[in-house]
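Fold and geometry: a report
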Amino acid sequence: MSHDRAEDEIAVNAMLGEMYQAWAANDADGFVRYYTDDATAILPGSLRGSRKAIRDSMAAGFDGPLKASSTLDTRLSLRFVGEDVAIAVSEGGILFAGEDAVPEARKIHATWVFEKRDGRWMVAAYHNSPVHAPVPA
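These numbers come from a predicted model, not from an experiment.

Examining the overall build of the protein chain
Broken down by element type, the protein chain carries 3 helices and 6 strands. Reading the secondary structure of the protein chain in the N-to-C direction produces α-α-β-β-α-β-β-β-β. For the protein chain, the C-alpha radius of gyration of 15 Å lies close to 14 Å, the compact-globule estimate for 137 residues. With the C-alpha coordinates aligned to their principal axes, the bounding extent of the protein chain is approximately 55 × 30 × 25 Å. Classification of the 137 residues of the protein chain by burial places 33% in the buried group.

Quick look at the nonpolar core
One finds Met-15, Met-19, Tyr-35, Trp-112 and Phe-114 to be the most contacted residues of the largest nonpolar core, which totals 30 residues. At the level of secondary structure, the elements contributing two or more residues to this core comprise helix H1 (5-24), helix H2 (28-31), strand E1 (35-43), helix H3 (51-63), strand E4 (85-95), strand E5 (108-117) and strand E6 (120-130). The greatest single-element share of this core, amounting to 7 residues, is contributed by H1. Excluding residues that lie within four positions of it along the chain, Met-19 makes contacts with Phe-31, Tyr-34, Tyr-35, Trp-112 and Val-123.

Regarding the packing of aromatic side chains
When we look at a pair of aromatic rings, we describe it by the centre distance and by the angle of the planes. Tallied over the entire structure, the rule returns 6 aromatic pairs. Centre to centre, the rings of Trp-23 and Phe-31 are 5.5 Å apart; their planes meet at 80°, and the pair counts as edge-to-face. Residue class for Trp-23 comes out buried when judged on its relative accessible area of 8%. The exposure class of Phe-31 is buried, given its relative accessible area of 6%. Between Trp-112 and Tyr-126 the ring centres are 4.6 Å apart and the planes differ by 65°, which places this aromatic pair in the edge-to-face class.

Points about the sheet that holds strand E2 (residues 46-48)
As summarised here, the arrangement of the 6 strands in space is E2-E1-E6-E5-E4-E3, forming an open sheet in which the pairing is mixed. With one partner strand each, in any of the chains shown, E2 and strand E3 (70-80) form the two edges of the open sheet. Between one strand axis and the next, the sheet turns through 20° on average, direction left out of account. Relative to E6, E5 is paired through 10 bridges, and the arrangement is antiparallel. Each residue of the ladder has a partner; that of Trp-112, found in E6, is Tyr-126.

Focus: the pairing of E4
Of the strand pairs in this sheet, E3 and E4 are connected by 10 bridges, and their pairing is antiparallel. Paired with Ser-77 across the strands is Val-89, a residue of E4. Once E3 ends, the chain turns through 4 residues before running back antiparallel as E4, passing Gly-82 with a positive phi of about 80°. By the bridge criterion, 8 bridges tie E4 to E5 in an arrangement that is antiparallel. Bridge pairing in E5 links Ser-90 to Ala-110.

Thresholds, definitions, all that
Residues numbered from 1 in each chain as written. Predicted model: local features only at pLDDT ≥ 70, side-chain atom pairs only at ≥ 80, totals over all residues. Heavy atoms only, no water. Helix = DSSP H or I, 4+ residues; strand = E, 2+ residues; numbered from the N terminus. Rg over C-alpha atoms; globule rule 2.2 N^0.38 Å. Buried < 20%, exposed > 50% of the residue type's maximum accessible area, 1.4 Å probe, protein only. Core = buried A, V, L, I, M, F, W, Y, C linked by side-chain atoms within 4.5 Å. Contact = heavy atoms within 4.5 Å. Phe/Tyr/Trp six-rings, centres within 6.5 Å; stacked < 30°, edge-to-face > 60°. Pairing = 2+ DSSP bridges. Axes fitted to C-alpha atoms, helices over the stretch in contact; angles between N-to-C directions.

Nothing here speaks to function; it is all geometry.
So this is what it looks like as structure tokens:
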């Protein structure tokens, strides 16, 4: 049985596009709409172990330091692992009000793990780390 990966790639891109629009709208519920209930997000110094934890963290951020921000995410690769799993690697970061580029010091590399559940692509795991490691003092 052949599987059309182009169709899956379009679906993954559409999902991510909706997530980025939700971020720009500071909509935590919209942002996590495509996260599985048991999703994990690992960011420097933080483990968020469920869609609810990710949502609550994003809501707090949108009410505070992430207010009026957006995100930039440039895909470096996307590969499908079996029929229902895909892994993407990207580079990006947060754009704060008035910025049109992510400063080098704030750029991140991210790994996304997508899972197709009930015919719908979802984020099962996300991890990011700085592109440039901090220089020890």
